[in-house]
Structure formats: structure tokens, C-alpha cells
Amino acid sequence: MEDRQKQIAAWVEQGFYQLVKDAEVENFEKIIQAAIDDKQKDGTTEMFCDRLMLNLAYYERNAAVWYTTFKMVLIGQLDFSTAVIETELLTGQMQARQEVEEQREVLIPIFHEEYEKKALTPEIIMYDYAYMSIAHALRVDFLTVCTMQEQRELLREGDATETLRVIDGYVQYYADQFARQLTLTI
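Scope of this entry: the structure provided in the associated data block.

About the thresholds
Residues numbered from 1 in each chain as written. Predicted model: local features only at pLDDT ≥ 70, side-chain atom pairs only at ≥ 80, totals over all residues. Heavy atoms only, no water. Helix = DSSP H or I, 4+ residues; strand = E, 2+ residues; numbered from the N terminus. Expected span 1.5 Å × (residues − 1). Buried < 20%, exposed > 50% of the residue type's maximum accessible area, 1.4 Å probe, protein only. Arc of directions from axis to C-beta. Contact = heavy atoms within 4.5 Å. Axes fitted to C-alpha atoms, helices over the stretch in contact; angles between N-to-C directions. Parallel < 35°, antiparallel > 145°, perpendicular 65-115°, else oblique. Left-handed = near helix turned anticlockwise from the far one by under 90°. Phe/Tyr/Trp six-rings, centres within 6.5 Å; stacked < 30°, edge-to-face > 60°. Lys NZ or Arg CZ within 6 Å of the ring centre and 35° of its normal.

**Side note on helix α2 (residues 25-40)**
The terminal C-alpha atoms of α2 lie 22 Å apart, and with 16 residues this matches the ideal 22 Å at 1.5 Å per residue to within 8%. Those residues of α2 not exposed but buried are V25, F28, I32, Q33, A35, I36 and K39. Axial view of α2: buried residues confined to an arc of 165 degrees, hence all on one face. Away from its buried face, by an angle of more than 90 degrees, α2 presents the exposed residues E26, K30 and I31. Elements in contact with the buried residues of α2: α3 (45-74), α5 (122-147) and α6 (160-181). Just downstream of α2 lies D42, where phi reads positive at about 50 degrees.

**Here we look at the packing of α3 against α5**
Orientation of α3 relative to α5, taken along the N-to-C sense of each, is 25 degrees, at an axis distance of 9 Å. Classified by the angle between their axes, α3 and α5 sit roughly parallel to one another. In the crossing of α3 with α5, the sense of the turn from one axis to the other is left-handed.

**Examining α3**
When the terminal C-alpha atoms of α3 are compared, their 43 Å separation across 30 residues agrees well with the 44 Å that a helix rising 1.5 Å per residue should span. Positioned one or two residues after α3, G76 has a phi angle of 85 degrees, which is positive.

**Section: the packing of aromatic side chains**
Under the definition given, this model contains 10 aromatic pairs. Aromatic side chains F16 and Y174 sit 6.2 Å apart centroid to centroid with 15 degrees between the ring planes, which places their arrangement in the stacked category. Of the two residues, F16 is situated in helix α1 (residues 2-20) and Y174 in helix α6; the sequence distance between them amounts to 158 residues. Neither F16 nor Y174 differs from the other in exposure class; each is buried. Seen from their ring centres, Y170 and Y174 are 6.4 Å apart, and the 20 degrees between their planes marks the pair as stacked. Of this pair, Y170 and Y174 both sit in helix α6, 4 residues apart, roughly one helical turn. For Y174, a relative accessible area of 16% gives the class buried. Within the aromatic cluster, the residues linked to one another by ring pairs are F16, F142, Y170, Y173 and Y174. Positioned above the aromatic ring of W66, the side-chain terminus of R139 is 5.7 Å from the ring centre. The lysine or arginine in question, R152, covers the ring of F80, its NZ or CZ lying 5.8 Å from the ring centre.

What follows is the structure, given as C-alpha cells:
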């Protein structure tokens, strides 16, 4: 089992390398900056921060959907196909969006407490948003790319929790690397 887990880790590492090797920071920066500019329109600094924080809550829920979906795939409860994965992720994203919207009135006062307690500035929140946005894209893209690989079944031969830990480690690493290179403005 340990040898198989090492093979899986190597496969995941190679998969992420292929996924990000031609990625250009400028593309992330352009997309994220456009989203930031859009959230900044017609509002105060606090409203801008609230909009970003709502997106962070959405991305957190999406990460949970991704984790659950991928775990179900790895343990054989879901078919390892593009159609199934896309349907599950899209359904999860719609539910996450609805949950955040329904909890908006409860979340915003909590955000305001966090701004004070953690001394969160718009810049800190903006870069957290950028990181989470990139991490979300990497999770979805990696899972989607996996469905197209002939050797994808290898992922099911290891410990699902450990495989997900390895994958999420690469998501965090690359999201951090890309986010650190961004030059965003408010």
C-alpha cells in the first residue's frame, strides 16, 4: 500500500506540473483584477471588503464540495467521468452560492468583527480572495483533467484521505506561488 501511495503521489505531482507549467501569472492577474474592480464599483471600502469576504465564504464551501466529490470518486461511490464530475461540481457550486446568499445577513456582521479583531485591511482581504480564487480554479481543473487521464484509476488504489491531502497540498502550494506574484490594485 505504501508503494502504491508513493506512485499516486508521483502521479499527482506530475499532473499538477502539467497543469501549471504553461500557466501565466498575467492571466490570473487580469481575471482577478477585473473581479476586484467589479466588486469595488458603487460602494464603500467596507462594502468592497464584504463582497470579497462573501466570495471567500463561497470558495470555502466550494472547497468542501470538491473534497466530498473527489473523495466519493476515490472510494468508488461516483463514476470517474467528466460528465459526472462536472455535474456534481456545478450542483455543489449552485448550492454554495445559494447558502452564502441566504446567510448573507448573518455573515456580514461576523466579517465586520473579523476586520477589527484581526486587523484585516482591504489589501489583505484582496490577496486572500486572489489565493482562494486560484486554489478553486486549480482544484476544479485538476479534478477535470484527472477524468481525462487513462491512468486515473490509479488514484482509487490508495488511501483516499491521503491522496486528497497530497492533492490539496499541491493546490495550496501553487495557489500561494501564483498569488505571491500578483500585483493587484484597489
